[in-house]
Amino acid sequence: MSTALMATSLPNLPPPRKGKVREVYDLGDQLLFIASDRISAFDVIMANGIPDKGRVLTQISAFWFDKLQHIVPHHMISIDPVEIASKVEGFGPDLYGRSMLVKKAKTVPVECVARGYITGSLFKEYKRLGPDVHGLKLPTRLVDGSQLPEPIFSPASKAETGHDENMSFAEMINVLGRETAEQLRDWTLKLYTEASEYTATKGLILADTKFEFGVTDDGIILIDEVLTPDSSRFWEASSYDPGGPQASYDKQFVRDYLEKLDWDKTPPGPELPDEIVMKTREKYLEAFRRITGREFSAL
């Protein structure tokens, strides 16, 4: 197993803008996204990473960008390491498979979340606030993991620091205007519906996912990562049993481990034991195999 890549350095470029996982280099007319192997939970980056996680995220995203581009245009230009190396001096093998050239775009300040099942933060709010949470008018007596009558759109504020917070569609309209909000809602539900129908053929339930969009001179495009184990919940369809945690291929496994620790969910993040690292890596690799139909390769 390779060593986790926790940070990058390209000496002939300005320092990158760092997110929880990605490092973004400005190439002038384009951006270079590099996905590290860092893993975060509860908005805190853990002390150690998951080897090859960044490669899995990048290559799954590339798969979905290609597959779903008939619904909405996207920012991906290339993940070909030869093409990237021709533009970026010092681009070496440790960055192969985890790097993506993308178009520049101004990020829309709302995360677009689609849910076919209720779990996570929305289920916690549902239990506390009832079926009308965020104006969604959900059924009564739902349990953790219940399938919803139809997929719902539940946007969230995009926080620069701290936690994103679920919001109502009316609040989204106030932020973006009705036309843009309705367009993003419609795209989000179309993307989710087509993706969930596809994953069902692979024995996976796409419980929920989040999308990000950006504004360019040519209009709004899909950006960031798409339908990865970091941004989505993928459940094992054969063992689906609403009422509690589901067998999954995403970072919920890490969240569940952390919930058992005496840790207050503030930085610094704890170091994950080798067993948790290895099991998490296998879950990400299994998601890759099931979704793409290919065996994982670093390139």
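Everything below is about the structure shown above.
Residues numbered from 1 in each chain as written. Predicted model: local features only at pLDDT ≥ 70, side-chain atom pairs only at ≥ 80, totals over all residues. Heavy atoms only, no water.

A. Quick peek at the sheet that holds strand β6 (residues 76-78). Strand order in this open sheet of five strands is β1-β2-β3-β7-β6, and the pairing throughout is antiparallel. This sheet does not close on itself; its edge strands, each paired only once, are β1 (17-18) and β6. Sheet topology places β1 next to strand β2 (residues 22-26); two bridges connect them, and they run antiparallel. For R17, the partnering residue across the bridge sits in β2 and is V24. The strands that helix α1 (residues 53-68) touches are β2, β3 (30-35), β6 and β7 (99-103); relative to β7, the one it contacts most, it runs at about 45°. (Pairing = 2+ DSSP bridges. Helix = DSSP H or I, 4+ residues; strand = E, 2+ residues; numbered from the N terminus. Contact = heavy atoms within 4.5 Å. Axes fitted to C-alpha atoms, helices over the stretch in contact; angles between N-to-C directions.)

B. Seen up close, the pattern of salt bridges. Counted according to the given criterion, the structure contains 23 salt bridges. For K18, the salt bridge goes to E23, with nearest N and O atoms at 3.6 Å. Of the residues examined, E23 reaches a relative accessible area of 0% and is grouped as buried. For the salt bridge of R185 with D186, the shortest nitrogen-to-oxygen distance reads 3.2 Å. Look at D186 and you get partly exposed, because its relative accessible area is 34%. Here the salt bridges share partners, and the residues they tie into one network are E236, E282, E286, R289, R290 and E295. (Salt bridge = Lys/Arg side-chain N within 4 Å of Asp/Glu carboxyl O. Buried < 20%, exposed > 50% of the residue type's maximum accessible area, 1.4 Å probe, protein only.)

C. Representation of the packing of aromatic side chains in the model. For the coordinates displayed, the defined rule picks out 12 aromatic pairs. On the numbers, 6.1 Å between centres and 80° between planes, the contact of F153 with F169 is edge-to-face. Residue F153 is located in strand β10 (residues 147-153), and its partner F169 is located in helix α4 (residues 169-176); the two are separated by 16 residues in the primary sequence. Ring centres of W235 and Y240 lie 6.1 Å apart, and the angle between their planes is 15°; on these two criteria the pair is classed as stacked. Assessed through its relative accessible area of 4%, W235 is described here as buried. Judged by its relative accessible area of 24%, Y240 is partly exposed. Members of the aromatic cluster, connected to one another through ring pairs, are F63, W64 and Y198. Across the ring face of Y249, the terminal group of K283 is positioned such that the distance to the ring centre comes to 5.8 Å. (Phe/Tyr/Trp six-rings, centres within 6.5 Å; stacked < 30°, edge-to-face > 60°. Lys NZ or Arg CZ within 6 Å of the ring centre and 35° of its normal.)

None of the figures reported here should be taken as evidence of function without further support.
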